[in-house]
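Residue strings, one per chain:
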Amino acid sequence: MAPETSLREITKETVRLVTALDVGPDQHGLVAPNSISIAEAHFEPKAWFRAIYYGEEPAGFAMVWRDPDERLFYIWRFMVDVGFQGKGVGRRALELLLDEARADGVDEVTLSVVPGPHSATAFYERCGFEATGEMHGGEAEMKLTLD
């Protein structure tokens, strides 16, 4: 049986493990390093971030711009370490994020993705996201309507 995927708060004991996570060499430039994302989160009151765990091992990072009052949920950063890719960790972590959005009463989740080779676009499409045709800072916007 595969270990459970979970979202956990990052602590002073785990921050170095989370910032050491990395995507594959062909994915560099497609998502900011976790250290940058964590630093940015500390300056944005609506940022909500968690480590993605696979069992008891840090396996990725997720950060959203979250405003339940305005019913907004934007997946700002999402990465799975190269050693955990292809194991269903990303899909399960994304499902957990969508559960958070539903708990906020959100009808739609948006994100943006760098297009091109080795992009996460196909992953998000397999998870039900659709391109909106909008571009933001060179990134293609995608959305998912929640049921």
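Scroll up a little and you will see the structure.
Residues numbered from 1 in each chain as written. Predicted model: local features only at pLDDT ≥ 70, side-chain atom pairs only at ≥ 80, totals over all residues. Heavy atoms only, no water.

A.B. asks: Hey, could you run me through the pattern of salt bridges in this one?
C.D. replies: Two side chains that carry opposite charge are able to pair once their charged atoms sit near each other. Going through the model one piece at a time under the given rule, you end up with 10 salt bridges. We note a salt bridge from E40 to R77, for which the minimum N-O separation is 2.8 Å. Of this pair, E40 sits in helix α2 (residues 34-41) while R77 sits in strand β4 (residues 72-80); the two residues are 37 residues apart in sequence, bridging distant segments of the chain. Here R77 falls in the buried class, since its relative accessible area comes to 14%. (Salt bridge = Lys/Arg side-chain N within 4 Å of Asp/Glu carboxyl O. Helix = DSSP H or I, 4+ residues; strand = E, 2+ residues; numbered from the N terminus. Buried < 20%, exposed > 50% of the residue type's maximum accessible area, 1.4 Å probe, protein only.)

A.B. asks: Hey, could you run me through the nonpolar core in this one?
C.D. replies: Soluble globular proteins tend to bury their nonpolar side chains together. If you look at the biggest cluster of nonpolar residues, it comprises 29 residues, and the most contacted ones within it are I75, F78, L94, L97, Y124 and F129. At the level of secondary structure, the elements contributing two or more residues to this core comprise β2 (47-54), β3 (57-67), β4, α3 (89-103), β5 (108-113), α4 (121-126) and β7 (139-145). The element best represented in this core is α3, accounting for six residues. Among residues more than four places away in sequence, those in contact with F78 are V31, I52, F61, A62, G90, A93, L94, L97, F123 and Y124. Grouped together as the second largest cluster of nonpolar side chains are 13 residues, I10, L21, V23 and A41 included. (Core = buried A, V, L, I, M, F, W, Y, C linked by side-chain atoms within 4.5 Å. Contact = heavy atoms within 4.5 Å.)

A.B. asks: For this particular structure, what's the right way to read the pairing of β7?
C.D. replies: The side chains of a regular strand alternate, residue by residue, between the two faces of the sheet. Alignment of β5 against β7, held across six bridges, turns out to be antiparallel. For V113, the partnering residue across the bridge sits in β7 and is A140. Sheet topology places strand β6 (residues 130-136) next to β7; four bridges connect them, and they run antiparallel. Directly across from A131, in β7, lies its bridge partner M142. In this antiparallel pair of consecutive strands, β6 and β7, the connection spans two residues, and G137 shows a positive phi of 55°. (Pairing = 2+ DSSP bridges.)

A.B. asks: Help me out: how do you make sense of the pairing of β4 in this one?
C.D. replies: Note that β3 and β4 share eight bridges and pair antiparallel. In the sheet register, G60 faces β4, and the bridge partner there is V80. Linking β3 back to β4 in an antiparallel pair, the connection comprises four residues, with R71 at a positive phi of about 60°. Across two bridges, the pairing between β4 and β5 is parallel.

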